[in-house]
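# Summary of structural features
The residues making up each chain are set out below.
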Amino acid sequence: MSILTRIFRLFKADIHGVMDHIEDQGLLLKQHLRDMEESLVQKEAKLKQMCFARDQARQNYEKGKKENDKLEQDLEVAIRKDRDDIARMLIKKIKPLARIQLERSSHIERLDHEIGRLNEDIEQKRLQYERLRQQAAIFFDRAEKQNEGQRWPGMHANFGAHKISDEEIELELLQRKEALKGGAA
């Protein structure tokens, strides 16, 4: 069995080696960056929706609060005027509204918590994305420099960095002037 196991491992390793050779690391890196960017866009859209839902819930809470305040004022007036029938009717309205307001308040708190958590997640993902994007830029820059060296054999990174002396420039200028005078004559 050990021979078969070793053959299987060798075959498996060879397949992985071939796949690694076939896959273009640059293309995979670019695709990974696009996937990360798309994920960030989706999370930001979700965050925007959650913020909109929270704002709507806050508006509803404020409307309910104003309605509750109005009912409380009316209830106080009804009690002062000994209008128990009106007071009972107002209490029947106030009690369910108070439960709804409590639910709205807890819903807003949950949304605030989820928005905070999602904001943190987005920030972490954005930092990861930026780090990877910078590393990818370095990778592509190195790959481009390596490819330049393969395209132009014999040329090095310091090609053209040779310092030209003033005398060489002066000599070149004189030769060109002489060539122009000789060609014009």
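In what follows, the accompanying structure is described.

What counts, and at which threshold
Residues numbered from 1 in each chain as written. Predicted model: local features only at pLDDT ≥ 70, side-chain atom pairs only at ≥ 80, totals over all residues. Heavy atoms only, no water. Helix = DSSP H or I, 4+ residues; strand = E, 2+ residues; numbered from the N terminus. Buried < 20%, exposed > 50% of the residue type's maximum accessible area, 1.4 Å probe, protein only. Contact = heavy atoms within 4.5 Å. Areas by Shrake-Rupley, 256 points an atom, 1.4 Å probe, with all protein chains shown as cover. Phe/Tyr/Trp six-rings, centres within 6.5 Å; stacked < 30°, edge-to-face > 60°. Lys NZ or Arg CZ within 6 Å of the ring centre and 35° of its normal. Salt bridge = Lys/Arg side-chain N within 4 Å of Asp/Glu carboxyl O.

## Comments concerning the overall build of the protein
The helix and strand tally for the protein stands at 4 helices and 0 strands. The N-to-C order of helical and strand elements in the protein reads α-α-α-α. Of all 185 residues assigned to the protein, the portion counted as buried reaches 15%. Partitioning the contacts of the protein with sequence separation of at least 6, the portion at a separation of at least 24 is 81%. If you sum the accessible surface of the protein, you get close to 15,900 Å²; carbon and sulfur atoms cover 56% of it.

## Overview of the packing of aromatic side chains
Applying the stated rule across the entire model yields 1 aromatic pair. With 5.4 Å between their ring centres and 70 degrees between their planes, Phe139 and Phe140 make a pair best called edge-to-face. Given the relative accessible area of 35%, Phe139 is considered partly exposed. Phe140 gets classed as partly exposed once you look at its relative accessible area, which sits at 26%. Directly above the ring of Phe140 sits Lys30, whose terminal nitrogen or CZ lies 5.2 Å from the centroid.

## Remarks on the pattern of salt bridges
Close approach of charged atoms allows side chains with opposite charge to pair. Counted by the stated rule, this structure contains 13 salt bridges. The partner of Asp121 in a salt bridge is Lys43, with the nearest N and O atoms 2.6 Å apart. Of the two residues, Asp121 sits in helix 3 (residues 84–151) while Lys43 sits in helix 2 (residues 25–80), which places them 78 residues apart along the sequence. Accessibility expressed as a relative area gives 22% for Asp121, which makes it partly exposed. The exposure class assigned to Lys43 is partly exposed, which follows from its relative accessible area of 22%. In the salt-bridge network here, residues are joined through shared partners; they are Arg54, Asp55, Arg58 and Asp112.

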